[in-house]
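Notes for the structure review
Listed below are the residues making up each chain.
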Number of protein chains: 2
Amino acid sequence: MNSTAKSCAALAKQLTDSGLRPTPQREVVFKVILEKRDHPTADEIYVRVKSQMPTISLATVYNCLETLVHCGLVRQVNLERAPTRYCPNLHEHAHFHDDTTGQVHDIELPADTIKELRKLLPIGFDANTVELAFRGRAASDPHGSN
Amino acid sequence: MNSTAKSCAALAKQLTDSGLRPTPQREVVFKVILEKRDHPTADEIYVRVKSQMPTISLATVYNCLETLVHCGLVRQVNLERAPTRYCPNLHEHAHFHDDTTGQVHDIELPADTIKELRKLLPIGFDANTVELAFRGRAASDPHGSN
DNA sequence: TTCCTGTTTAGAATTATTCTAAATCCATGT
DNA sequence: ACATGGATTTAGAATAATTCTAAACAGGAA
């Protein structure tokens, strides 16, 4: 089971499973996020989508993103005080925010890292999400990611 | 060495060390953050400060906060898409954001947790900050913190 | 005192996001 | 095929957090 969302076929299924419609707007937004995995912001997604579907509105992009996040097809990444970014990598992973370039890199984690981190919580705390984010600078092209 | 900022005396020193002036505004903002450690937002700080110094402006509160963060007297906490919060606990610690109440709790971490997390970074990545945040719900008063 | 630089202030500006209300779409029942 | 109703999209207004701007102010060095 690859936890990275793969295709628009998956999209249609996931949407209808949630009682939602696989509309052209949702498809193109999803496609754009899959295409270039650089953690784009809503605005960047808007620009990219417009070239394929010039009539789409920014509000729709926000709507679609909300829907995709809700269905678990896309993850939302909030780093420091900056526009929210979107990420189709559904693996448990951390993010590295490069202060120099502003780019966001995925950092894959050993299988049980998040599980271990959860154990650090005192009793009484029940986390449904764990976010691990680094900030700093990355060598120009650390491992070919973007 | 207690890494939690303790007093306004410490403030004055830290500021002058950085070539900045220990102004009344900076002092009162700092005092308010120390007083009630509930991770207040800039706006909440503004309200609290105004009762002691009614002429202060919101912009000044933002300025002072920026200064305090710069001097390392206060930490900035950004959780999901919400107003930035401020925290005088300078220990390495994580945050737990309670979805139900909106409250933020400090989670103290074993001494080397952050160091271990840093090791997970591929070569070429050099992090100067590591943020670990949980979201979920906490038992009504998990351990008397707020 | 005068000058200089750092600081504060009020209000305008910016930016990301959400809201609103009207238009449109689509599946369904007739 | 056709009307109905709920979901979706749209454009633009509204909101909220933060930053910017320009003018006033303050305090220390010359």
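Residues numbered from 1 in each chain as written. Chains lettered and ligands numbered in written order. Predicted model: local features only at pLDDT ≥ 70, side-chain atom pairs only at ≥ 80, totals over all residues. Heavy atoms only, no water.

1. Some words on helix 4 (residues 58–70) of chain B
All names here are of chain B. Inclusion rule: We count a stretch as a helix when DSSP gives it H or I for four or more residues in a row; a strand needs E for two or more, and each element gets its number in order from the N terminus. Multiplying 1.5 Å by the helix residue count minus one yields the expected span of that helix. Each residue is assigned to one of three classes by its accessible area relative to the maximum for its type, calculated with a 1.4 Å probe on protein chains only: buried under 20%, partly exposed between the two thresholds, exposed over 50%. As used here, the arc is the angular range of directions from the helix axis to the C-beta atoms. Contacts between residues were defined by any pair of non-hydrogen atoms, one from each residue, lying within 4.5 Å.
Helix length check: helix 4 (13 residues) gives 18 Å between terminal C-alpha atoms against 18 Å at 1.5 Å per residue, within 8%. All of the buried residues along helix 4 are V61, C64, L65, T67 and L68. In an axial view of helix 4, the angular spread of the buried residues amounts to 160 degrees, which keeps them on one side of the axis. Away from the buried face of helix 4 by more than 90 degrees, exposed residues E66 and H70 are located. At its buried positions, helix 4 is contacted by helix 1 (8–17), helix 2 (24–35), helix 3 (42–52) and strand 2 (85–87).

2. Let's talk about the domain arrangement of chain A
Accessible area lost upon the coming together of the parts is a frequently used measure of interface size. All names here are of chain A. Rule in force here: Those domain boundaries reflect an automatic or database domain assignment. Here the buried area means the combined drop in accessible surface, using a 1.4 Å probe, for two parts upon being joined, counting both sides. Three categories are distinguished: nonpolar for Ala, Val, Leu, Ile, Met, Phe, Trp, Tyr, Cys and Pro, charged for Asp, Glu, Lys and Arg, and polar for the others, with Gly belonging to the last.
As far as domains go, chain A holds domain 1 (8–85) and domain 2 (92–136). Relative placement of domain 1 and domain 2: their C-alpha centres are 23 Å apart. Taken together, the contact pairs seven residues of domain 1 with 11 residues of domain 2. In total, about 760 Å² of surface goes out of reach between domain 1 and domain 2, with carbon and sulfur atoms giving 53% of it. Together, H39, R75 and L79 form the three largest contributors to the area buried by domain 1 at its contact with domain 2, with a combined 61%. Among the residues forming the side of domain 1 that touches domain 2, the class breakdown is two nonpolar, two polar and three charged.

3. With respect to the environment of A139 of chain A
For A139 of chain A, the location among the structural elements is in the segment after strand 5 (125–138). Here the alpha-carbon distance between A139 of chain A and L120 of chain A, two residues 19 residues apart in the chain, equals 31 Å.

4. Focus on the protein's contact with DNA strand C
The criterion, for reference: When we say a residue is near a molecule or strand, we mean one of its heavy atoms is within 4 Å of it. Nitrogen and oxygen atoms within 3.5 Å of one another constitute a polar contact, given that in protein one can donate a hydrogen and the other can accept it, and given that sequence-neighbouring residues count only through two side-chain atoms.
Around DNA strand C, a shell composed of 18 residues is seen, among which Y62 and T84 of chain A together with T23, R26 and T60 of chain B lie nearest. In the model, a phosphate oxygen of DNA strand C is placed 2.6 Å from a nitrogen or oxygen of the Y62 of chain A side chain. T84 of chain A places a polar side-chain atom, nitrogen or oxygen, 2.8 Å from a phosphate oxygen of DNA strand C. Across the surface near DNA strand C, the residue classes break down as seven nonpolar, seven polar and four charged.

5. Re the protein's contact with DNA strand D
Residues in close proximity to DNA strand D total 17 residues, the closest being T23, R26 and T60 of chain A together with Y62 and T84 of chain B. In this structure, a phosphate oxygen belonging to DNA strand D sits 2.8 Å away from a side-chain N or O atom of R26 of chain A. Contact between DNA strand D and T55 of chain A: a phosphate oxygen at 3.3 Å from a main-chain N or O atom of the residue. Mapped by element, the contributors of at least two residues to the surface near DNA strand D are helix 2 (24–35) and helix 4 (58–70) of chain A together with helix 4 of chain B. Looking at side-chain class alone, the surface near DNA strand D contains seven nonpolar, seven polar and three charged residues.

6. So, the nonpolar core
Threshold: To define a nonpolar core, start from buried Ala, Val, Leu, Ile, Met, Phe, Trp, Tyr and Cys residues and group those joined through side-chain atoms within 4.5 Å.
L132 and F134 of chain A together with L132 and F134 of chain B are the most contacted members of the largest nonpolar core, which totals 26 residues. Elements with a contribution of two residues or more to this core: strand 3 (93–98), helix 5 (113–118) and strand 5 of chain A together with strand 3 (93–98), helix 5 (113–118) and strand 5 (125–138) of chain B. Ignoring sequence-local partners within four residues, the contact set of L132 of chain B consists of L117, V130, E131 and L132 of chain A together with A94, H95, L109 and L117 of chain B.

7. Section: the side chain of T67 of chain A
Residue and element names in this part refer to chain A. Position of T67 among the secondary structure elements: in helix 4. With relative accessibility at 12%, the residue T67 sits in the buried group. Side-chain polar atoms of T67 contact the backbone oxygen of N63, separated by 2.9 Å. Ignoring sequence-local partners within four residues, the contact set of T67 consists of L15, L20 and R26.

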